[in-house]
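What follows is the residue order along each chain.
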Amino acid sequence: MTAAIELRGLRREYGERPALAGVDVSLALGESLLVLGPNGSGKTTLLRILATLLRPSGGEARVFGASLPGDAWKVRGRIGLLGHDALLYRDLSARENLRFHARLHGLRGEAAEARIGELLAAVAMERRADDRVAELSAGMRQRIAACRCVLHEPDLLLLDEPDSNLDAEGRELVGGLVGPAAGRARVLVSHDPERHRGEADRVLELGVGGAVAEAAGAA
Amino acid sequence: MTPSRSAFAAILGKDLTAELRTLQSLPAMALFAVTTFVIFRFGLDRTALSGSLAAGVLWATLLFAAILGVNRLFVAEREEGGFDAIRLAPIDRTAVFAAKVAALLVYLLALELVAVPVFAIFFLDSAAALLPLALVLALADLGLAATGTLISSMAVNSRARDLLVPLVLLPLAVPLSIAATGALEPLLAVGGPAYERFGTWLAVLCLYDLVFLLVGYAVFDFLLED
């Protein structure tokens, strides 16, 4: 069976400065990888490489068997990214943003509307769905961003601090969308390991400068 | 992969909806053009223009007004993460280029709907040239939209975006300007429109459009990469 993610000696430098220095890890479909590390340890860089948004400087990165960056086009559309930026247009409403992303991912018409309605209900945002994103609070934007991330039912979720700006209710609702599920892999970056360690099958700990401090199954 | 037509419609629709809602580009472009005509009107102290002077005033004003729209074409993508969203989607990047060219073309046509009548009121004795003039401007707009989209996508990641766009775009627009004013000059001649070498200049405009649309098709994918 093809691994969801397979990294061998993955490196990334920004000029002279190393951000990732030889990451080896693999992840099967249905598993979750928790990525830990201090600021500047390359966690976000790792997610951006897996999302096909950044080219590795060296080593090998495969997502669903496709080698990155050359075969990135084969796996785009199977990946959902929930990062520091919500990737939502401020001047469009939440619903318009989700419609836009649905069309980019080939979802149209009633199927798209039904999926959008279902997701907005899942994060309790139906009443504010037609407000412009600029008028929403940071926590509300994060809920909509979570909807955007899973709208096209990706097989790989890349989650960079998914709880950012969320209150307790928001964390629970968003957790329902992006939590562990059979049939999809997750890579989760968190500064709150105790909260997420229980749902992780594997843990990757990065040191400053992207050195791999530890890669192991979860305790 | 998502069909290109669907991606094209989504991106174009998003851009036009956002512009209609915020009016960040079009009013500034139109106001700039009208103000420039007022300055020419009093600066030249002429109530009528014809021939090469009329062609030059009209085209230079439209070109500089267009730069305001070109500058802002990718700002939402840059500031609101749209580039990442588009790059994550399983779409042909050519659809992004085509949609942005189409959006800029709509802005330029809307600009001319305001600017050309004002120009005619200020400087023309008759409206006989307006119909063939629309054809010339439409062809020139397509070339300007293709070039402007390319330059805007390259400059948007720079902090000196507002400087880079005119510095790079204007030299690239020189052949376009020569052809556009060459085609406009006989149309705005004293005594009504003439069609001397009109077809030749239209052919040059078509060639310019084709070259920059093909360049955009060939390189836009690389411009979106990190």
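Owing to the predicted nature of the structure, the values given are computational and were not obtained by experimental measurement.

Draft legend 1. The overall build of chain B, seen in detail. Counting secondary structure elements, chain B contains ten helices and zero strands. The secondary structure elements of chain B, listed N-terminal to C-terminal, are α-α-α-α-α-α-α-α-α-α. Scaling as 2.2 N^0.38, a compact globule of 226 residues should have a C-alpha radius of gyration of about 17 Å, and chain B matches this with 18 Å. Projecting the C-alpha coordinates of chain B onto the three principal axes gives extents of approximately 55 × 35 × 30 Å. Within the span of chain B, comprising 226 residues, buried residues form 47% of the whole. In chain B, 85% of the contacts between residues at least 6 apart in sequence involve partners at least 24 apart.

Draft legend 2. The sheet that holds strand 2 (residues 17–27) of chain A, seen in detail. Taken together, four strands build an open sheet; the order of strands is 2-1-4-5 (chain A) and the sheet is antiparallel. Strands at the two margins of the open sheet, each flanked by one partner only, are strand 2 and strand 5 (66–67) of chain A.

Draft legend 3. Spotlight on the nonpolar core. In terms of nonpolar packing, the biggest core is built from 148 residues, with Val35 and Leu158 of chain A together with Leu184 of chain B touching the most fellow members. The dominant element in this core, judged by the number of residues it contributes, is helix 6 (residues 93–123) of chain B, at 14 residues.

Draft legend 4. The arrangement of helix 4 (residues 109–122) of chain A in detail. Residues and elements named next belong to chain A. If you check helix 4, its first and last C-alpha atoms are 20 Å apart, about what 14 residues at 1.5 Å a residue would give, namely 20 Å. What helix 4 keeps buried is the set Ile116, Leu119 and Leu120. One face of helix 4 carries all of its buried residues, which in axial projection span an arc of 100°. Among the exposed residues of helix 4, those pointing more than 90 degrees away from its buried face are Glu110, Ala111, Ala114 and Glu118. Against helix 3 (94–104) and helix 5 (138–150) lie the buried residues of helix 4. Phi turns positive one or two residues past the end of helix 4, at Ala124, with a value near 55°.

Draft legend 5. Inspection of the interface of chain A and chain B at higher detail. Each partner contributes to the interface: chain A provides 24 residues, whereas chain B provides 22 residues. Per-element accounting of the side of chain A that touches chain B gives the leading share, five residues, to helix 3 of chain A. Classifying every residue of the side of chain A that touches chain B gives twelve nonpolar, four polar and eight charged.

Draft legend 6. Up close: unusual backbone geometry. Residues and elements named next belong to chain A. Note that the residue after Leu68, namely Pro69, is joined by a cis bond; omega there is 5°. Mapped onto the secondary structure, Pro69 falls in the loop between strand 5 and helix 2 (72–75). The residue Asn165 is not glycine, and still its phi comes out positive at about 70°. Note on placement: Asn165 falls in the loop between strand 7 (156–160) and helix 6 (168–178).

Draft legend 7. Summary view of the environment of Leu73 of chain B. Residues and elements named next belong to chain B. Along the chain, Leu73 turns up in the loop between helix 3 (51–72) and helix 4 (75–79). Residue classification places Leu73 among the buried positions, given that 24 C-beta atoms sit within 10 Å. Along the backbone, Leu73 and Lys100 are 27 residues apart, and their C-alpha atoms lie at a distance of 7.5 Å. Excluding residues that lie within four positions of it along the chain, Leu73 makes contacts with Lys100, Leu104, Gly148, Thr149 and Ser152.

Procedures and definitions
Residues numbered from 1 in each chain as written. Chains lettered and ligands numbered in written order. Predicted model: local features only at pLDDT ≥ 70, side-chain atom pairs only at ≥ 80, totals over all residues. Helix = DSSP H or I, 4+ residues; strand = E, 2+ residues; numbered from the N terminus. Rg over C-alpha atoms; globule rule 2.2 N^0.38 Å. Buried ≥ 20, exposed ≤ 12 C-beta atoms within 10 Å, placed from the backbone. Contact = placed C-beta atoms within 7 Å. Pairing = 2+ DSSP bridges. Core = buried A, V, L, I, M, F, W, Y, C linked by C-beta atoms within 7 Å. Expected span 1.5 Å × (residues − 1). Arc of directions from axis to C-beta. Nonpolar A, V, L, I, M, F, W, Y, C, P; charged D, E, K, R; others polar.

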